[in-house]
Amino acid sequence: MVFSSDGGGGRVVLFYRYFLPGGGVGDETLRFFRQHSMHYLEEMLKHQQSLCEKHGGMKGRILISSEGINGTLSCQDENDLDSYINEMEGFDLVETLSTKNDTGDVPPDAGRGRLFRGIDWKKSSWNEGAEPFPDLKVQIVKEIVSTGGSVDVADIPKDTGKEISAAEFHELLSKAPKHDGEAKGKDIVLIDVRNTFECAVGRFIHPSFDPDTTQARTVESRADSTVQSASRMQGWINPNTVTFGAFDSTFCERYSDQLKDKKVLMYCTGGIRCVKASAMLKQRGVEDVSHLSGGIHRYVEQYGAEGFWKGKLFVFDQRVALAAGGGEE
């Protein structure tokens, strides 16, 4: 683990899951869950509150909806964190939660509602005296990452981009065509799906357009500098958004035509936003779209300061930013 503290403190886990068929989730169970989502989401909320209290009084933020779960939790003891993860992995919609509902419909058999099995649990740490969250909040929402309804969870299997590993992402950047007058192959465009204030503390360096790959450059807030070479869609691109909900209307709608002949690589903190962001571009006719599995977290765990990531990772808690190799800002 690369995002670690200097000592003391405790542990943090970042996770998400879109509820889609496959693995331990059956089509029939998923349909039943969505038909009775009001009942099951209320039960799931109470289950999460109970689970967090049971395992060391975990604090953090959890969003749940009929499309999935999105959470960040902290605790002092890693054993509590691991116990929480183990219970989540063993969770079954029918077996774990109350099956009573207002309609009297009989739920499917247990065993095909493993909604949380196989989640990519991304761990980091916090320093003593710098606890990331003051309390626990579990909320029921419409979307676990808001798009204003532009991407429905049902669209994800057919429209989302290709998910690639940190090693594949690194290799593609390593072999990116050099723009020295003799470029060969399709241009690789690197799109940071995060918000401008997140890009300001750290980002990936595009080797074809950033001659100095050893230092992060200052990222300015002006649209003409953050959307680098916007008219040509080259290099590293910060779409200059302040909320992800604006990504489709302010970036995809405007620039999708110029990206149709490019190879698009997307990344975000842990991967959740890229699932929908890549779908937005593909729905607008951009075919060659890939996104980094596990996000910046997994890439930095594998490559540390030796890869194409430069700077710190912004996080939405009181740590603010994490450095590769340990420490907070």
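Criteria and cut-off values
- Residues numbered from 1 in each chain as written.
- Predicted model: local features only at pLDDT ≥ 70, side-chain atom pairs only at ≥ 80, totals over all residues.
- Heavy atoms only, no water.
- Buried < 20%, exposed > 50% of the residue type's maximum accessible area, 1.4 Å probe, protein only.
- Helix = DSSP H or I, 4+ residues; strand = E, 2+ residues; numbered from the N terminus.
- Pairing = 2+ DSSP bridges.
- Salt bridge = Lys/Arg side-chain N within 4 Å of Asp/Glu carboxyl O.

Draft legend 1. Expanded view of the pairing of strand β3 (residues 68-75). Counting buried residues along β3, 8 of its 8 residues qualify, which places the element largely inside the surrounding structure. Side chains Gly68, Asn70, Thr72 and Ser74 project from β3 onto one buried face, and the interleaved Ile69, Gly71, Leu73 and Cys75 project onto a second face that is buried too. With 8 bridges joining them, strand β1 (residues 10-18) and β3 adopt antiparallel strand pairing. Residue pairing in the sheet places Arg17 in a bridge with Ile69 of β3. Taken together, the 7 bridges between strand β2 (residues 59-65) and β3 define a ladder with antiparallel strand orientation. Paired with Gly60 across the two strands is Leu73, which belongs to β3. Connecting β2 to the next strand, β3, in antiparallel fashion are 2 residues.

Draft legend 2. Up close: the pattern of salt bridges. In this structure the tally under the stated criterion is 22 salt bridges. Linking Glu78 and Arg11 is a salt bridge whose minimum nitrogen-to-oxygen distance equals 3.1 Å. Taken together, the positions of Glu78 in helix α3 (residues 78-90) and Arg11 in strand β1 put the pair 67 residues apart, joining distant regions of the chain. A residue is classified by how much of its surface remains accessible, and Arg11, at 11% relative accessible area, is buried. A salt bridge links Arg298 to Glu301; the shortest N-O distance between them is 2.5 Å. Of this pair, Arg298 and Glu301 both sit in helix α11 (residues 295-303), 3 residues apart, which is roughly one turn of that helix. On the accessibility criterion, Arg298 (22% relative accessible area) is partly exposed. The class for Glu301 is partly exposed, based on a relative accessible area of 27%. Overlapping salt bridges bring together Arg11, Glu78, Asp82 and Lys123 as one network.

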